[in-house]
Amino acid sequence: MLAAACLACASLPLAAQVGDSAGYLARMDADGDGRVSLAEYQQWMGYAFDRMDADGDGVLRGDELPGGRGAPVTRERHQAALAAGFARQDRNGDGQLDARELAAPPAH
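All residue numbers here refer to positions counted from 1 along the written sequence of the relevant chain. Two thresholds apply to this predicted model, a pLDDT of at least 70 for residue-level local features and 80 or more for giving and counting side-chain atom pairs, whereas whole-chain, interface and lining totals are computed over all residues. Side-chain calculation: all heavy atoms of the structure are included, whereas hydrogens and water are not.

K.L.:
Any details on the overall build of the chain? Residues and values, ideally.
P.N.:
For the chain, the helix and strand inventory stands at five helices and four strands. Starting at the N terminus, helices and strands are each numbered in turn, a helix being any DSSP run of H or I of at least four residues and a strand any DSSP run of E of at least two. Counting helices and strands in the order they occur from the N terminus, the chain gives α-α-β-α-β-β-α-β-α. Under the scheme applied here, a residue whose accessible area is under 20% of the maximum for its type counts as buried, over 50% as exposed, and between as partly exposed, the area being computed with a 1.4 Å probe on protein chains only. Across the 108 residues that make up the chain, the buried fraction comes to 39%. Carbon and sulfur atoms make up 57% of the accessible area of the chain, which amounts to about 6,000 Å² in all. What sets the accessible areas is the Shrake-Rupley method with a 1.4 Å probe; for residues, cover comes only from the shown protein chains.

Here it is in structure tokens:
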């Protein structure tokens, strides 16, 4: 769900936030090919889930969620939400995000 995808964005530490799309892409692009794959996107965006999962059980329960409440979010649900967001960002449908796609708001 959108809430699961947003929890990763809302939880980015200031050090992880980058002011320009090229810098953002460079930080996400683990293999250095100039594009971000779904796996790289999920890895980058998923670290917030890991930081919030205090008990390490793969489920964010109310007390681990922003605001201290809400329906539980499984890692699988979170990864699926990230994949849906990635697909909306991938305007040309090539399975990779370039700097321009990262900078554009997701398609609805």
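Next comes the rest of the description.
K.L.:
I'd love a proper account of the packing of helix 2 (residues 21–28) against helix 3 (residues 38–52), names of residues and values included.
P.N.:
Packing of helix 2 against helix 3 brings their axes to within 9 Å, and their N-to-C directions diverge by 95°. By the angle between their directions, the pair helix 2 and helix 3 is classed as roughly perpendicular. On helix 3, the residues touching Tyr24, Arg27 and Met28 of helix 2 are Glu40, Tyr41, Trp44 and Met45. To get an axis, a line is fitted to the C-alpha atoms, and for a helix only the part in contact is used. The angle between two axes follows their N-to-C directions and goes from 0 to 180 degrees. Throughout this description, any angle smaller than 35 degrees is read as roughly parallel, any larger than 145 degrees as roughly antiparallel, any in the 65 to 115 degree range as roughly perpendicular, and the remainder as oblique. Contact definition: two residues touch when any of their heavy atoms are within 4.5 Å.

K.L.:
Can you tell me about the confidence of the model for the chain, naming the residues and giving the values?
P.N.:
Residue-level confidence of the predictor, termed pLDDT, takes values from 0 up to 100. Mean pLDDT over the chain stands at 84; residues scoring 70 or higher make up 81%. For the chain, the element scoring lowest by mean pLDDT is helix 1 (residues 2–10), at 46; strand 2 (residues 59–60) scores highest, at 97. Within the model, pLDDT remains below 50 along residues 1–6, and this stretch shows ten contacts once partners closer than five positions in the same chain are excluded. Every residue in residues 8–18 is under pLDDT 50, and counting partners more than four places away or in other chains gives 20 contacts.

K.L.:
A description of helix 2 should follow, citing residues and the corresponding values.
P.N.:
Turning to helix 2, its buried residues number three or more, namely Gly23, Tyr24, Leu25 and Met28. For helix 2, the elements touching its buried residues are strand 1 (36–37), helix 3, strand 4 (96–97) and helix 5 (99–103).

K.L.:
Give a detailed account of helix 4 (residues 75–89), specifying residues and quantitative values.
P.N.:
Over its 15 residues, helix 4 runs 21 Å from end to end, which matches the ideal 21 Å to within 8%, given 1.5 Å per residue. Among the residues of helix 4, His78, Ala81, Leu82, Gly85, Phe86 and Gln89 are the ones counted as buried. In a view along the axis of helix 4, the buried residues occupy a sector of 140°, so they form one face of it. In helix 4, the exposed positions angled more than 90 degrees off the buried face are occupied by Glu76 and Ala87. Multiplying one less than the number of residues by 1.5 Å gives the expected span of a helix. Arc definition: directions from the helix axis to the C-beta atoms.

K.L.:
Just give me the short version of the packing of aromatic side chains, but keep the residues and values in it.
P.N.:
Here a Phe, Tyr or Trp ring, Trp counted by its six-membered ring, pairs with any other such ring whose centre lies within 6.5 Å, and the pair is stacked when the planes are under 30 degrees apart, edge-to-face when over 60, and tilted otherwise. Overall, the coordinates contain three aromatic pairs when judged by the stated rule. Centre to centre, the rings of Tyr41 and Phe86 are 5.4 Å apart; their planes meet at 65°, and the pair counts as edge-to-face. Highlighted residues: Tyr41 in helix 3 and Phe86 in helix 4, separated in sequence by 45 residues. Here Tyr41 matches Phe86 in class, with each residue buried.

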